[in-house]
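Report on the structure
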Amino acid sequence: MAGGSDELKLLGMWASPFVMRVKLALGFKGLSYEDVEEDLFGGKSELLLKSNPVHKKVPVLLHNGKPVCESQIIVQYIDEAFAGTGPLLLPSDPYERAIARFWGAYIDDKLLASFLQSAKGKTEEEKAEGLKQTLVAVENMEGAFKEISKGKPFFGGDTVGYLDVTLGALVSWIHAAEKIYGMRLFDATRSPLLNAWLEQFGALDVAKAALADVDRLVEYAKKRQADQAAAEASSNN
Ligand SMILES: N[C@@H](CCC(=O)N[C@@H](CS)C(=O)NCC(=O)O)C(=O)O
């Protein structure tokens, strides 16, 4: 357990990047927790439905029984509630903290959303538009990394910070998507700094422990695609 009377329970699902984000934050803070695997497709637990009645999604972190939802909010909560444990993830300067939150939102709302569209868009036009937006988002993130890291290996400087955890959640899926779709989100030509970051972050012990195995994700994604195609085919009959 986390230490003292703190009890931390994570309702998650191994392949979810949002769950991996919380695992990264807990890992970097050095907090132990109970890992509860939800069956998102077979039936969500009563505890999940009760803990996140609005979205009914993982991750949910239960701290002494009290639920916190939404991965980025959970990471911020962990950083504040356990400020005295392990490194601080968010910058202590309010302005830098605002900048970190801005790019945190950008990672999910723009970078991830357009990357998903480029891979899974319903039509070729949708995919092409997704790719166009992805390239813009990567260029913006590369600029943000240059500015925020100030020549150091991580967004947080010499050690990882909030944006490393936020973007780090996507690392296994970035490698899996490269194997499935043949597209690498960060490459040496378009985004050399993020390309180097990707390797350095993935090599950290905490990242290795928190992030899902890439080949397992590839298998999982292929099975989900096949299941979805079968469901669509049977509904069209
Ligand atoms: N914005 C949410 C996204 C969470 C999310 O999409 N979770 C997915 C798993 S990757 C989920 O629980 N899906 C179940 C469902 O939609 O019913 C966060 O950051 O936590």
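Residues numbered from 1 in each chain as written. Predicted model: local features only at pLDDT ≥ 70, side-chain atom pairs only at ≥ 80, totals over all residues. Heavy atoms only, no water.

This part is about the overall build of the protein chain. What the protein chain contains, in helices and strands, is 10 helices and four strands. Secondary structure elements in the protein chain, listed N-terminal to C-terminal, are β-α-β-α-β-β-α-α-α-α-α-α-α-α. Viewed in the frame of its principal axes, the protein chain has a C-alpha envelope of about 60 × 45 × 30 Å. Buried positions account for 43% of the 237 residues belonging to the protein chain. (Helix = DSSP H or I, 4+ residues; strand = E, 2+ residues; numbered from the N terminus. Buried < 20%, exposed > 50% of the residue type's maximum accessible area, 1.4 Å probe, protein only.)

Bringing the site of the ligand into the picture now. The environment of the ligand is formed by Ser16, Phe18, Leu40, Lys44, Lys57, Val58, Pro59, Glu70 and Ser71. At 2.8 Å, a backbone N or O of valine 58 approaches a nitrogen atom of the ligand. Glutamate 70 places a side-chain nitrogen or oxygen 2.8 Å from a nitrogen atom of the ligand. When the ligand is considered free in solution it has 510 Å² of accessible area, and contact with the protein chains removes 72% of it. By residue class, the composition of the shell around the ligand is four nonpolar, two polar and three charged. (Near = heavy atom within 4 Å. Polar contact = N/O pair within 3.5 Å; in protein donor to acceptor, adjacent residues only side chain to side chain. Areas by Shrake-Rupley, 256 points an atom, 1.4 Å probe, with all protein chains shown as cover. Nonpolar A, V, L, I, M, F, W, Y, C, P; charged D, E, K, R; others polar.)

Moving on, we get to the domain arrangement of the protein chain. Taken domain by domain, the protein chain holds domain 1 (8-81) and domain 2 (94-215). Between the C-alpha centres of domain 1 and domain 2 there is a distance of 21 Å. On the domain 2 side, the residues contacting the 15 residues of domain 1 number 22 residues. Across the domain 1/domain 2 interface, buried area totals approximately 1,600 Å², and carbon plus sulfur atoms make up 69% of it. (Domains from an automatic or database assignment. Contact = heavy atoms within 4.5 Å. Buried area = accessible area lost by both parts, 1.4 Å probe.)

Counting residues in each nonpolar core, the largest one holds 64 residues, and the members touching the most others are Ile78, Leu167, Phe186, Trp197 and Phe201. Two domains share this core, each providing at least three of its residues, namely domain 1 (8-81) and domain 2 (94-215). Those residues in contact with phenylalanine 186 that sit more than four places away from it in its chain are Leu111, Val138, Leu167, Ile174, Ser191, Leu194, Asn195, Trp197 and Leu198. (Core = buried A, V, L, I, M, F, W, Y, C linked by side-chain atoms within 4.5 Å.)

So, about the pairing of strand 4 (residues 66-69). Relative to strand 4, strand 3 (residues 60-63) runs antiparallel, the two sharing four bridges. Its bridge partner being in strand 4, valine 60 is matched across the sheet by cysteine 69. Between strand 3 and strand 4, which pair antiparallel one after the other, the connecting turn spans two residues, and asparagine 64 there sits at a positive phi close to 50 degrees. (Pairing = 2+ DSSP bridges.)

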